[in-house]
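# Inside the fold
Next come the chains, spelled out residue by residue.
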Amino acid sequence: HDLDRNKGQVIGITKQMPHPQYNDRTTDNDFMLVFPKSAATLDGDVDAVRLNDDSSTPSVGNGVTVMGWGDTDIRDDVSK
């Protein structure tokens, strides 16, 4: 997502399902499933994420790329 370009799609959600063991003090298990009200339109700004169907990769110790929103720095104060 390019914050300098005002593009994208706004889609409401019908349901939020946080991880049942989310800890707001430590942010352990800080992820949730969201259920959109409608499908997104795939275009130059929106695309689908392909899930890995090969359980042998990545192997332990290999680098990976992740995506999402929110804080990724363990040094940040999560008590705010």
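Residues numbered from 1 in each chain as written. Predicted model: local features only at pLDDT ≥ 70, side-chain atom pairs only at ≥ 80, totals over all residues. Heavy atoms only, no water.

## So, the overall build of the chain
A tally of helices and strands in the chain yields zero helices and two strands. Expressed as a percentage of contacts within the chain between residues at least 6 apart in sequence, the contacts between residues at least 24 apart total 36%. Of the roughly 7,900 Å² of accessible surface on the chain, 52% is carried by carbon and sulfur atoms. (Helix = DSSP H or I, 4+ residues; strand = E, 2+ residues; numbered from the N terminus. Contact = heavy atoms within 4.5 Å. Areas by Shrake-Rupley, 256 points an atom, 1.4 Å probe, with all protein chains shown as cover.)

## Quick notes on the environment of P18
Tracing the sequence through the fold places P18 in strand β1 (residues 13–18). Overall, P18 belongs to the partly exposed group, its relative accessible area being 44%. Measuring from C-alpha to C-alpha, the distance between P18 and F31 comes to 6.3 Å, with 13 residues separating the pair along the chain. Apart from the residues within four sequence positions on either side, P18 is in contact with F31 and M32. (Buried < 20%, exposed > 50% of the residue type's maximum accessible area, 1.4 Å probe, protein only.)

## Points about the packing of aromatic side chains
How two aromatic rings sit relative to each other is set out by the distance from centre to centre and by the angle between their planes. As enumerated under the stated definition, the model contains zero aromatic pairs in all. Sitting above the plane of the F35 ring, K15 keeps its charged end 5.7 Å from the centroid. (Phe/Tyr/Trp six-rings, centres within 6.5 Å; stacked < 30°, edge-to-face > 60°. Lys NZ or Arg CZ within 6 Å of the ring centre and 35° of its normal.)

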